[in-house]
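Commentary on secondary and tertiary structure
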Amino acid sequence: MAMKTATTVVAAAPRGLRSLFSTLSTNFPFPSQPAANQPQRPQADPSTNLFVSGLSKRTTDEGLRECFAKFGEVVHARVVKDRASGWSKGFGFVRYSTLEGAAAGIEGMDGKFLDGWVIFAEYARPRENPPPSPPSYGGYRQ
């Protein structure tokens, strides 16, 4: 009899967890709608340069170029890599020769799979000027 009770408890536990984390129940743990008081990120102006995020650590420059070349002439494709390890940081840039190619690249690849990961493509925003670096006192001299 004790064995039956233990089996029943084990079988009932997953149902409880499933209802706790179910997407059909309440909006726990995340709200379904973004908060109204949070500002939306500004959209970048259309350009030939695309920002691609969500890349796999194994994605290469050539793989990124091949994937986006289906939608137009790719001038340059670069996966940003960590200096120390050489692995991808998970994002990169693709430059097209025309605005039409860039728009087709976003439409064709945004939310699609590349190397087993869902990637996101959008127009790249211009780089903001970094704050000036503090003056260096001492250090290595030649």
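Structural data are supplied above this passage.
An account of the accompanying structure is given in this report. (Residues numbered from 1 in each chain as written. Predicted model: local features only at pLDDT ≥ 70, side-chain atom pairs only at ≥ 80, totals over all residues. Heavy atoms only, no water.)

Points about the overall build of the protein chain
Within the protein chain, the secondary structure is distributed over three helices and six strands. In sequence order, the secondary structure elements of the protein chain are arranged as α-β-α-β-β-α-β-β-β. The buried share among the 142 residues of the protein chain stands at 22%. On the protein chain, roughly 11400 Å² of surface is accessible, and the fraction owed to carbon and sulfur atoms is 58%. (Helix = DSSP H or I, 4+ residues; strand = E, 2+ residues; numbered from the N terminus. Buried < 20%, exposed > 50% of the residue type's maximum accessible area, 1.4 Å probe, protein only. Areas by Shrake-Rupley, 256 points an atom, 1.4 Å probe, with all protein chains shown as cover.)

Regarding a nonpolar patch on the surface
Taken together, the side chains of Phe113, Val118 and Phe120 define a hydrophobic patch exposed on the protein surface, amounting to about 310 Å² of accessible area. Among the structural elements, Phe120 can be located in strand S6 (residues 120–123). On the accessibility criterion, Phe120 (43% relative accessible area) is partly exposed. (Patch = residues over 30% accessible without salt bridge, like charges linked within 9 Å, V, L, I, M, F, W, Y side chains within 5 Å. Salt bridge = Lys/Arg side-chain N within 4 Å of Asp/Glu carboxyl O.)

Here we look at helix H3 (residues 99–109)
For H3, every residue scored as buried is listed here: Gly101, Ala102, Gly105, Ile106, Gly108 and Met109. Residues of H3 that are buried in the fold lie against strand S1 (49–53), helix H2 (61–68), strand S3 (88–96), strand S4 (113–114) and S6. Gly111 sits one or two positions beyond H3 and adopts a positive phi of about 85°. (Contact = heavy atoms within 4.5 Å.)

Things to note about the nonpolar core
One finds Leu50, Leu64, Phe68 and Val94 to be the most contacted residues of the largest nonpolar core, which totals 19 residues. Contributing elements (two or more residues each) for this core: S1, H2, strand S2 (74–81), S3, H3 and S6. Discounting chain neighbours no more than four positions away, the residues touching Leu50 are Phe68, Gly92, Phe93, Val94, Tyr96, Ala102, Gly105, Ile106, Glu122, Tyr123 and Ala124. (Core = buried A, V, L, I, M, F, W, Y, C linked by side-chain atoms within 4.5 Å.)

Some details on the packing of aromatic side chains
The geometry of an aromatic ring pair is captured by two quantities: the separation of the ring centres and the angle between the planes. Inspection of the entire model under this criterion finds three aromatic pairs. With a centroid separation of 5.6 Å and an interplanar angle of 55°, the aromatic rings of Phe51 and Phe93 are classed as tilted. Taken as a pair, Phe51 in strand S1 and Phe93 in strand S3 lie far apart in primary sequence, 42 residues in all. Relative to Phe93, the ring of Phe91 has its centre 6.3 Å away and its plane inclined at 90°; by these criteria the two rings are edge-to-face. Residue classification places Phe93 among the partly exposed positions, given a relative accessible area of 23%. Among the aromatic residues, ring-to-ring pairing joins Phe51, Phe91 and Phe93 into one connected group. (Phe/Tyr/Trp six-rings, centres within 6.5 Å; stacked < 30°, edge-to-face > 60°.)

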